[in-house]
Amino acid sequence: MTTTAPPRPVIDEPAPTVRRRRRWWPTPKLLITAAVVVIIGYLAIVPLYYLIWGTFFDANGFTFGGFATAYGDERIGSLIGNSLLFAIGAAVLSLVVGTSLAYLQVRTDVPFKALFFAASIIPLIIPGILYTIAWIFLASPDIGLLNKVLEPIFGSAAVDIFTVWGMIWVEGLHLSPIVFLLMVAAFRSMDPSLEESALMSGATRLQVFRRVTVPLIRPAIGAAVLIMTVRGLESFEVPALLGLQNGIYVFTSRIYFVLRTYPPDLAAAGALALGLLVLAMIGVAISNFAGRAAKNYQTVTGKGFRPRPMRLGRWRPVMGAAIIVYFLFTVVLPLLVLLYTSLLKFYQAPSAAAFRSMSLDNFASLLHMDKAMTALKNSLFLGVGTATLVMAGMAIAAWVVVRSKIPGRMVVDQLSFLPLVIPGLVLGLALSFVYLRSPIPIYGTIFIMLIAYVTRYMPYGMRYAVTSMQQISAELEESAQVSGASWWQTFRKVLLPLLAPGLMAGWIYILVVSFRELSSSILLYSPGNEVLSILIFEQYENGEFTVLAALGVVMVLTLVVLVAVAYKLGAKIGLRQD
């Protein structure tokens, strides 16, 4: 009996084709990572492109007219000189103060070490505009409280904060906590046995510090100087509030002045912005070059290492007194003068009559000031929104850079770093170039400020996320994927809990700096979209000192509450030990 095979069902034929097509469908992993990469590229490149285009091109084509106007001014030499003197001077002052405090904290048995934490953290919370205004209340030749105290001894106006040296003093003190945090890490990584050997050989402490300690931390010192110099170049609050009073211009204040004149010269402002950008990029390039020699100064190896504090002996009470003085000048006096001013009906020197006139009227008036409540809501929205968007996006970007094998993934890291060299005022100007010409109706809304904040603080979020990602072994992800978990499930249920502490630290930092941001907001805000820092700046220009002091106290207290709540929540997320 002959049997024949049954015919192959026709429905089986297209099955391979269907499967083959499905392989090319975009997966959630591809869509999410591609979207993050595109957004990073857009935020980093597009504003700079429009800034360069708006500077070099007008209705008639290519032109150097903006540069001729900006750099043909006879005052350009003094502007460049003031900018460099201010930035370098503030960097040197912050380095001397911050390094000295870090050395005392890590390497000696100095007393009052608990004050170091307050002295290094609290100034970071105080917004730059408030810190500057506080020093105006303290050292103004007309209304400064310190001048009132010193007047019987040195005469009137013994101290003038409205000079280049006053600008250097305020900016240097405000930056010194950042240097302190940077140098603490360097001193903790240094082997103290080298210093002890030098002391045993008969060297004095000063010789040891100059010939042993300083060479060992030279890379960290170089990096700190250049980073602080770049921060000084991009500073806006101090030059605007202190320098413009006596016609002392730097790049940032000159850009602001050019844009506030009528009609605003966008090309000249762009030319100044590009000059400032070039100076900032040169500083970062020098910093990176200096960092290459770090391995020549490594002293912590796989051998036994245990730092031991050095005894100060008879210098211990002197150093303790110096710490108290520093804490007084950087924290206590600025905060006290703001609180004192906020309780007055009008600004006046301390006296029995002034203390009797104190009340909470300024704080009560804030409750009825529509602008104040709107500014507080806007600052909260921008702070929380910026921190959330940046850390969420940078967590995925960090996975692309650290974990993936995507060709050119390091370009993503470099693009995310690019806004770091763009001063805030330059970024605000660049975004003005973008959205004044864009059909998207975003200019004049709060969302253009959100874009500016996300762009400005993207590099910091990337550093936090990449550092946290590098500390997590890839074996955990591989185990989850072997167990059948998808990429998104692995990222959400395995990586995110492990990354949570680092992401929360970055979230808190970006929340603080976004909440107090001024330089990138000053050119982008519109009526109804003010933030607290803008409102304080306006109150200062209008001479409403007592109201702005009350607003400043509310701003600082809000920041303290936000940071405390964020740390409390941060302690409850991530991995927990039972």
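Since the model is a prediction, treat every value here as computed from it, not as a measurement.

A.B. asks: Even after reading the chapter, I still don't get the nonpolar core, so can you show me in this structure?
C.D. replies: With 141 residues, the main nonpolar core has L51, I522 and F537 as its most contacted residues. By residue number, the principal contributor to this core is helix α18 (residues 370–402), which donates 15 residues. If we ignore the near neighbours within four places in the chain, the residues touching I522 are F236, Y256, R260, L425, I534 and F537. In terms of nonpolar packing, the next biggest core, distinct from the first, is built from 28 residues, L95, L101, Y326 and F327 among them.

A.B. asks: Hey, could you run me through the packing of helix α4 (residues 76–107) against helix α11 (residues 218–234) in this one?
C.D. replies: What describes two packed helices is the angle between their axes and the distance between those same axes. Closest axis-to-axis distance for the α4/α11 pair is 8 Å, and the angle between their directions is 135°. Relative to α11, α4 is oriented oblique. The two elements α4 and α11 cross, and the hand of that crossing is right-handed. The segment α4 lies against α11, with S83, F86, A87, I88, A91, S94 and L95 engaging I221, A224, V225, M228, T229, G232 and L233. A breakdown of the residues in the contact of α4 with α11 according to their chemical character gives 10 nonpolar, four polar and no charged.

A.B. asks: Hey, could you run me through the pattern of salt bridges in this one?
C.D. replies: Where charged atoms from two side chains of opposite charge approach closely, those side chains can pair. Evaluation of the coordinates by the stated rule reveals seven salt bridges. For R456, the salt bridge is made with E234, and the minimal N-O distance between the two is 3.5 Å. With a gap of 222 residues between them, R456 in helix α21 (residues 446–470) and E234 in helix α11 connect regions that are remote in the sequence. In this pair, the class of R456 matches that of E234, namely buried.

A.B. asks: I tried to follow the side chain of N378 on my own but got confused; where do I start?
C.D. replies: Following the sequence through the fold, N378 ends up in helix α18. Residue N378 is classed as buried on the basis of its relative accessible area of 11%. With residues near it in sequence (within four places) discarded, N378 still touches I446, G528, N529, E530 and V531.

A.B. asks: What am I meant to see in the layout of surface pockets here?
C.D. replies: If a probe as big as a water molecule is rolled over the atoms, it shows which places are left empty. In this structure, the second largest pocket encloses a volume near 580 Å³. Contributing to the lining of the second largest pocket are 20 residues, with Y103, L104, F209, L312 and M319 lying nearest its centre. Looking at the lining of the second largest pocket, the elements that each hand over two or more residues are α4, α10 (205–216) and α15 (316–342). With seven residues, the top contributor of residues to the lining of the second largest pocket is α4. Of the residues contributing to the lining of the second largest pocket, the split by class is 16 nonpolar, three polar and one charged.

A.B. asks: In this structure, what is going on with a nonpolar patch on the surface? I would like to understand it.
C.D. replies: Side chains of I80, L84, I88, V92 and V96 sit close together on the surface and give an oily, nonpolar patch of about 390 Å² of accessible area. Secondary-structure assignment places I80 in helix α4. The exposure class of I80 is partly exposed, given its relative accessible area of 33%.

A.B. asks: Can you walk me through α11 in this structure?
C.D. replies: Because each turn of an α-helix spans 3.6 residues, side chains separated by three or four positions end up pointing in the same direction. With 17 residues, α11 extends 25 Å between its outermost C-alpha atoms, agreeing within 8% with the 24 Å of an ideal straight helix rising 1.5 Å per residue. Within the sequence span of α11, burial applies to P219, I221, A224, L226, M228, T229, V230, G232, L233 and E234.

A.B. asks: Explanation requested: the side chain of S379 in the structure shown.
C.D. replies: Structurally, S379 can be placed in helix α18. Non-local contacts of S379, meaning those with residues more than four positions away in its chain, are made with F515, V531 and L532.

A.B. asks: Teacher, can you tell me more about the packing of aromatic side chains here?
C.D. replies: Aromatic ring pairs are reported here in terms of the distance separating the ring centres and the angle at which the planes meet. Applying the stated criterion across every chain yields a total of 25 aromatic pairs. Between W169 and F329, the ring centres sit 6.5 Å apart and the planes meet at 90°, which makes this aromatic pair edge-to-face. Here W169, found in helix α8 (residues 164–188), pairs with F329, found in helix α15; they are 160 residues apart in sequence, far enough to count as distant. By relative accessible area, W169 is classed as partly exposed at 34%. Given a relative accessible area of 27%, F329 falls into the partly exposed group. Each member of the aromatic cluster is reached from another via a ring pair, and the members are Y49, Y50, W53, F56, F57, F62, F64, F67 and Y71.

Conventions used here
Residues numbered from 1 in each chain as written. Predicted model: local features only at pLDDT ≥ 70, side-chain atom pairs only at ≥ 80, totals over all residues. Heavy atoms only, no water. Core = buried A, V, L, I, M, F, W, Y, C linked by side-chain atoms within 4.5 Å. Buried < 20%, exposed > 50% of the residue type's maximum accessible area, 1.4 Å probe, protein only. Helix = DSSP H or I, 4+ residues; strand = E, 2+ residues; numbered from the N terminus. Contact = heavy atoms within 4.5 Å. Axes fitted to C-alpha atoms, helices over the stretch in contact; angles between N-to-C directions. Parallel < 35°, antiparallel > 145°, perpendicular 65-115°, else oblique. Left-handed = near helix turned anticlockwise from the far one by under 90°. Nonpolar A, V, L, I, M, F, W, Y, C, P; charged D, E, K, R; others polar. Salt bridge = Lys/Arg side-chain N within 4 Å of Asp/Glu carboxyl O. 1 Å grid on protein atoms, 1.4 Å probe; cavity = no way out; pocket = protein on both sides within 12 Å on 5 of 7 lines; lining within 4 Å. Points joined across faces, edges and corners; volume = space filled by probe spheres on them. Patch = residues over 30% accessible without salt bridge, like charges linked within 9 Å, V, L, I, M, F, W, Y side chains within 5 Å. Areas by Shrake-Rupley, 256 points an atom, 1.4 Å probe, with all protein chains shown as cover. Expected span 1.5 Å × (residues − 1). Phe/Tyr/Trp six-rings, centres within 6.5 Å; stacked < 30°, edge-to-face > 60°.

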